[in-house]
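Listed below, chain by chain, are the residues.
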Amino acid sequence: MTKVPNMPKSWRQETKPHKFCPGCGHGLVLKALGEAIDELGIQDRVVFGCDIGCSLLAWDFFNVDTVQTHHGRTTPVLTGVKRARPDRICIAYMGDGGGYAIGSQHLVNAAARNEKLTVILVNNCNYGMTGGQMAPTTLPDMKTETSPYGRNVAETGYPTQGPEMVAAITREGAYAARGTVANVRQLKGFIKKALQNQIDGNGFSFVEALSGCPTNWSTNAKDTWAFIEETMTKYFKVGEIKAPAKKEE
Amino acid sequence: MAEKPIQGEKRVFMTGNEVVAWAALAAEADLMYGYPITPQNEVMHYWTRLAPKFGKKFLQTEDEISAGFTTCGGALAGKRCFTATAGPGNILMQESMAMAEMMRIPTVLVVQQRGGPSTGTVIYSQQEVTMTCFGGNGEGLRIVYSTGSHQELFDYVIKAFNSAWKYRFPTFVLGDGYQAKMRESLVIYDPALKGIKMEPTAPRLGLEGMPGVDRPPSHLRNTYNTEEELFEAVSELVAAYEKIAPEVVEYQEFFTDDAEVVIIAHGVVTRAAQAAVKTLRSQGIGAGHFRPVTLRPFAVDALKTIAKRAKKLLVVESAQGQLAKIVKDAIYGESVPLEGYYRPGQGITAEEIVELVKKGM
């Protein structure tokens, strides 16, 4: 008898092992998401959308209805689904390039409209799929393929702070948090709250997940984790940035 | 259930944009996603006024990229969705329409052509033919109806929803600023009255039942890993498109049987061409007119038959030869001479065509 490793019920076993690089953080984010879906009991109601970039490798990841879209366009596609089928739980999954660069207008406007949608964005400080270019989230002085001498903030600005931006442009009812693959239990908690926020019809919910990209960072396991846990968190503060006020008892 | 938007049939006098909104209602469209651009704005204006009365919805998106992709999402969720645009907006919608082509999403897009390139004018042209037929990084696997009157706008918007859902290719109604803004009389009607049955819709996302248990999950993608895998996928799309093409193709012929000169024109210019042929015939001049209604797929066989017996083809269009390119491609191998009268962004009158034909005789 083959032993099947313990995995979330909502994962599709037939497509495992998954397609991400060894050491990639996507698997952990999707584990947190899978467990959140299981615990909320919403697998039969979820519509999952993934972007272009590494996130597209999740197109057959779950036993949930899934659509893989274009770069940055997962937010509008899932907005279209949600508006047509308000009874579905719609999750738009993307990277930092998809959410903060090419699809930033969609993220900003979906948040401003308070779309009843959950966006999960994986921040690994670079464009992974295309080979490690500078992303909106690349840290100051960090070397990438398009910032080979380090990101010069005088020329290219400072890293985008996504959940902070979402919190600033949304009103009461929205949810914004930043988790990390270094704390999957906490990340799962944020994702669950984000999904619950959509289920409750409160409004837009957004979770950024700090994640590692050892392939493009050219780091070993130790350095990868050090970068996620120590370097990234200096700039990207982990925690809930905005949560709907608790209802008065 | 809300009452039918149009009871029976009704003679009306309205602008083309208003016609589009009424036609979408008559076609039982569920949702419009839109973004403002002239000359299509009033499609949204009328839709937003009419739709809530019949339980229909609207979302004004942040741009045309979003309007196109939300339309894709809504259609994947099983709803009759549409959008409308023009010019630079049409450019932005090509990205989503390329996805619709690859994933066979039944989107409906009404294009009210304006002058180009770039911002051009907000008024009129036929310069969005190439883009509407062949835009995107693909093979032009689309259905494009080019309308010439308000009655046709009404008829073909309804038909576009049915073609989209029957054949599952992105479907376009190609109008123009003149048709959009002009008032004209027409008959609007309940499609059922004319024996038109609306094609049923079905979701491909958000299906019933537990995925992986009751049914396989719906996993929709447009990304492929190898040349072979993509080639196979595109070949299937092409084969499906070629199979439906003969059923979809529409065209009209006016006095082409014995015509020496055949005027080829589409859209609103067909009206000038039809009038010109009438005048020329009354003067004993052997003119005819071929009018493609579908620009994609194109009536290749019908035009080839004409090309074999005519002495000259004259393509007349409000663009610099965009229709002519399609025509030349269709008649490749025939030896009949072809001339073009190209007026990018300008209207064309019957008198101009009459004079043109006489000069060339």
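Residues numbered from 1 in each chain as written. Chains lettered and ligands numbered in written order. Predicted model: local features only at pLDDT ≥ 70, side-chain atom pairs only at ≥ 80, totals over all residues.

**Considerations on the overall build of chain A**
Note the following rule: In this text, helices come from DSSP runs of H or I with a minimum length of four residues, and strands from runs of E with a minimum of two, each type numbered from the N-terminal end. To get the radius of gyration, use the C-alpha atoms; to get the globule rule, take the number of residues to the power 0.38 and multiply by 2.2 Å. Throughout, a residue-residue contact means that the two C-beta atoms, derived from backbone geometry, are no farther apart than 7 Å.
On a plain count of helices and strands, chain A comes out with nine helices and nine strands. Scaling as 2.2 N^0.38, a compact globule of 249 residues should have a C-alpha radius of gyration of about 18 Å, and chain A matches this with 17 Å. Each of the three principal axes of chain A carries a C-alpha extent, and together these read 55 × 50 × 35 Å. Pairs at least 24 residues apart make up 68% of the contacts formed inside chain A by residues separated by at least 6 positions.

**Side note on the overall build of chain B**
Keep this limit in mind: Remark: C-beta atoms are placed from the backbone, and a residue is labelled buried if 20 or more other C-beta atoms sit within 10 Å of its own, exposed if 12 or fewer do, or partly exposed between those counts.
Along chain B, the regular secondary structure elements total twelve helices and 15 strands. In summary, chain B has a C-alpha radius of gyration of 21 Å against a globular reference of 21 Å for 361 residues, a match within 12%. If one aligns the C-alpha atoms of chain B with their principal axes, the spans along those axes are about 70 × 50 × 40 Å. Here chain B holds 361 residues, and 52% of them are scored as buried. Counting contacts in chain B only where the partners sit at least 6 residues apart, residues at least 24 apart contribute 80% of the total.

**Let's talk about the domain arrangement of chain B**
Residues and elements named next belong to chain B. Worth spelling out the cut-off: Domain segmentation is taken from an automatic or database assignment of domains. Three categories are distinguished: nonpolar for Ala, Val, Leu, Ile, Met, Phe, Trp, Tyr, Cys and Pro, charged for Asp, Glu, Lys and Arg, and polar for the others, with Gly belonging to the last.
The assigned domain composition of chain B is domain 1 (9-194) and domain 2 (251-360). Each of domain 1 and domain 2 was reduced to a C-alpha centroid, and the two centroids are 26 Å apart. Of the residues lining the interface, 22 residues belong to domain 1; the matching set on domain 2 comes to 19 residues. If you list the elements that add at least two residues to the side of domain 1 that touches domain 2, you get α5 (129-134), β6 (143-146), β7 (171-176) and α7 (177-181). Along the lines of polarity and charge, the residues of the side of domain 1 that touches domain 2 split into eight nonpolar, twelve polar and two charged.

**Concerning the interface of chain A and chain B**
The condition is simple: Two strands pair if DSSP finds at least two bridges between them.
Contacts between the two partners involve 30 residues from chain A and, on the opposite side, 35 residues from chain B. Of all the secondary structure elements, the ones that give two or more residues to the side of chain A that touches chain B are β2 (65-68), α2 (74-84) and α4 (104-112) of chain A. The leading source of residues in the side of chain A that touches chain B is α2 of chain A, at eight residues. Residues belonging to the side of chain A that touches chain B are distributed by class as follows: eleven nonpolar, eleven polar and eight charged. Looking at chain direction, β2 of chain A and strand β9 (residues 219-220) of chain B are connected through two bridges and run parallel. Within β9 of chain B, the residue paired with T66 of chain A across the bridge is H219 of chain B.

**Describing the sheet that holds strand β1 (residues 46-50) of chain A**
What counts here: Inter-axis angles, ranging from 0 to 180 degrees, are taken between N-to-C directions of lines fitted to C-alpha atoms, where helices are fitted over the stretch in contact.
Spatially, the eight strands line up as an open sheet ordered β9(A)-β7(A)-β8(A)-β4(A)-β3(A)-β1(A)-β2(A)-β9(B), and their pairing is mixed. Looking along the sheet, the strands with just one partner apiece sit at the ends: β9 (239-242) of chain A together with β9 of chain B. Sheet analysis places strand β4 (residues 118-123) of chain A next to strand β8 (residues 205-210) of chain A, joined by six bridges and oriented parallel. Its bridge partner being in β8 of chain A, T118 of chain A is matched across the sheet by S205 of chain A. Packing of helix α1 (residues 26-40) of chain A onto the sheet brings it into contact with β1, β4 and β8 of chain A, and relative to β4 of chain A it is tilted by some 155 degrees.

**Examining the packing of helix α1 (residues 16-26) of chain B against helix α6 (residues 150-167) of chain B**
Each pair of packed helices gets described by two things: the angle between the helix axes and the distance between those axes. Residues and elements named next belong to chain B. Here is the rule we go by: Relative orientations are named as follows: roughly parallel for angles under 35 degrees, roughly antiparallel for angles over 145 degrees, roughly perpendicular for angles from 65 to 115 degrees, and oblique for any other angle. We call a crossing left-handed when the near helix sits turned anticlockwise from the far one by less than a right angle, and right-handed when that turn is clockwise.
Relative orientation of the contacting elements α1 and α6 amounts to 30 degrees, with a least axis distance of 8 Å. As the angle between them shows, α1 and α6 are arranged roughly parallel. Considering only the axes of α1 and α6, their crossing is right-handed. For the pair α1 and α6, contact is made by G16, V19, V20, W22, A23, A24 and A26 and by H150, L153, F154, V157 and I158, respectively. Among the residues forming the contact of α1 with α6, the class breakdown is ten nonpolar, two polar and no charged.

**Side note on the sheet that holds β6 of chain B**
Residues and elements named next belong to chain B. Overall, mixed pairing links the seven strands, which are arranged β3-β2-β4-β5-β7-β6-β13 in an open sheet. What marks the edges here is a single partner per strand, and that holds for β3 (57-60) and β13 (294-296). This sheet shows a mean twist of 20 degrees between the axes of neighbouring strands, independent of strand direction. In this structure, strand β2 (residues 31-34) lies alongside strand β4 (residues 81-85), joined through two bridges in parallel fashion.

**Description of the packing of helix α9 (residues 269-282) of chain B against helix α12 (residues 350-360) of chain B**
Residues and elements named next belong to chain B. Running from amino to carboxyl end, α9 crosses α12 at an angle of 50 degrees, the nearest separation of the two axes being 8 Å. By the angle class used here, α9 and α12 are oblique. For α9 against α12, the interelement crossing comes out right-handed. Of the residues in α12, those in contact with A272, A273, A275, A276, T279 and L280 of α9 are A350, I353, V354 and V357. Its residues placed into classes, the contact of α9 with α12 shows nine nonpolar, one polar and no charged.

**Some words on the nonpolar core**
All names here are of chain B. Threshold: We define a nonpolar core as a collection of buried residues of the types Ala, Val, Leu, Ile, Met, Phe, Trp, Tyr and Cys that are connected via C-beta atoms lying within 7 Å of each other.
Among the nonpolar cores identified, the biggest contains 179 residues, and A23, A24, V157 and I263 are the most heavily contacted of them. Each of two domains, domain 1 (9-194) and domain 2 (251-360), supplies a minimum of three residues to this core. The residues contacting V157, other than those within four sequence positions of it, are V20, A23, A24, A27, V110 and V173.

**Thoughts on unusual backbone geometry**
Along the chain, K16 of chain A connects to P17 of chain A via a cis peptide bond; the corresponding omega equals 5 degrees. Mapped onto the secondary structure, P17 of chain A falls in the segment before α1. The peptide bond linking T38 of chain B to P39 of chain B adopts the cis configuration, its omega dihedral lying at 10 degrees. Positionally, P39 of chain B belongs in the loop between β2 and α2 (41-50). Phi angles above zero are rare outside glycine, and S118 of chain B is one such case at about 60 degrees. Along the chain, S118 of chain B turns up in the loop between β5 (108-113) and α5. Overall, the presence of 8 C-beta atoms within 10 Å leaves S118 of chain B in the exposed class. Phi at F255 of chain B takes a positive value of approximately 55 degrees, unusual for a residue other than glycine. Structurally, the position occupied by F255 of chain B is in the loop between β10 (251-254) and β11 (261-264). F255 of chain B gets classed as partly exposed once you count the C-beta atoms within 10 Å, which come to 16.

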